[in-house]
Amino acid sequence: MVNKSSATSRQGLPLGWVRGLPDYVSALRFSPDGRLLAAATLAGMVVVLESDSGEVRYQLDGHAGGALTLDWSPDGQFLATGGQDGGVCIVKSDTGVTLASIEVSSAWVEHVAWSPDSRYLGVAAGKVARFFSQVGSVAGEVKEHASTVTSLLWLP
């Protein structure tokens, strides 16, 4: 990490810090309160940083073949990640302690999205959408769409 507090970006925006990661970033999300920033990498690792300093809060082993997606629960209690291994990991957002490791599909997990009340996690893998509780229990499934599920969105 390099502190760049007096430097500016190409667009003229002030740079607070720069953090090197082990591979390309495939997904990047701030926690609901803005204090943490999670980065999923194609190396598979997921890194959670303090957003004000760029210091690493914790790292997750992530997903073999690459981590592709992540989402914070709206209440800020959970972080879910998905990847090319067909799995999903749910962790406590403040500590990174794993609550559930779920084998979802043989297809890549390309999208994860928490419900507005933070009770359920939607997961898209190939042509299937599955829904899980905060601790990984199956809550529902929509089987075999005509084509790949390309997005997930919950209605409020």
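One can find the structure itself at the top, above this paragraph.
Residues numbered from 1 in each chain as written. Predicted model: local features only at pLDDT ≥ 70, side-chain atom pairs only at ≥ 80, totals over all residues. Heavy atoms only, no water.

S.K.: Is there a simple way to explain the sheet that holds strand S11 (residues 109-114) in this structure?
M.R.: For sheets, the rule is that strands pair by backbone hydrogen bonds, running either parallel or antiparallel. Taken together, 4 strands build an open sheet; the order of strands is S11-S12-S13-S14 and the sheet is antiparallel. Of all strands in the sheet, those with a lone pairing partner are S11 and strand S14 (138-142), marking the two edges. With direction set aside, neighbouring strand axes in the sheet form an average angle of 20°. In this sheet, strand S13 (residues 128-133) lies alongside strand S12 (residues 120-125) in antiparallel orientation, the contact comprising 6 bridges. Bridging from a neighbouring strand, Ala125 pairs with Val128 of S13. (Pairing = 2+ DSSP bridges. Helix = DSSP H or I, 4+ residues; strand = E, 2+ residues; numbered from the N terminus. Axes fitted to C-alpha atoms, helices over the stretch in contact; angles between N-to-C directions.)

S.K.: Help me understand the layout of surface pockets in this model?
M.R.: Where empty space is left can be seen by rolling a probe of water-molecule size over the atoms. The calculated volume of the largest pocket comes to roughly 150 Å³. Residues that form the lining of the largest pocket fall into these classes: 2 nonpolar, 4 polar and 5 charged. (1 Å grid on protein atoms, 1.4 Å probe; cavity = no way out; pocket = protein on both sides within 12 Å on 5 of 7 lines; lining within 4 Å. Points joined across faces, edges and corners; volume = space filled by probe spheres on them. Nonpolar A, V, L, I, M, F, W, Y, C, P; charged D, E, K, R; others polar.)

S.K.: I keep staring at the packing of aromatic side chains and nothing clicks. Help me out?
M.R.: Here a ring pair, both rings aromatic, is described through the centre-centre distance and the interplanar angle of the planes. Counted under the stated rule, the structure contains 2 aromatic pairs. The interplanar angle of 25° and the centroid separation of 5.6 Å between the aromatic rings of Phe78 and Trp114 together place this pair among those described as stacked. Note that Phe78 is positioned in strand S8 (residues 78-83) and Trp114 in strand S11, a separation of 36 residues in sequence. This pair shows no difference in class: Phe78 is buried, exactly as Trp114 is. A cation over an aromatic ring shows up here: Lys92 above the ring of Phe78, its NZ or CZ 5.5 Å from the ring centre. (Phe/Tyr/Trp six-rings, centres within 6.5 Å; stacked < 30°, edge-to-face > 60°. Buried < 20%, exposed > 50% of the residue type's maximum accessible area, 1.4 Å probe, protein only. Lys NZ or Arg CZ within 6 Å of the ring centre and 35° of its normal.)

S.K.: What am I meant to see in the side chain of Ser118 here?
M.R.: In this structure, Ser118 sits in the loop between S11 and S12. The residues contacting Ser118, other than those within four sequence positions of it, are Ser73, Pro74, Asp75 and Gln134. (Contact = heavy atoms within 4.5 Å.)

S.K.: Sorry, what's going on with the sheet that holds strand S9 (residues 87-92) here?
M.R.: Spatial ordering of the open sheet is given by S7-S8-S9-S10, a layout of 4 strands whose pairing is antiparallel. Two strands lie at the open edges of the sheet, namely strand S7 (67-72) and strand S10 (98-103), each paired on one side alone. Each strand axis lies, on average, 15° off the axis of its neighbour in the sheet, ignoring direction. In terms of strand pairing, S7 meets S8 through 5 bridges, oriented antiparallel. Residue pairing across strands places Ala67 opposite Gly83, the latter belonging to S8.

Geometric descriptors of this kind do not, in isolation, establish any biological role.
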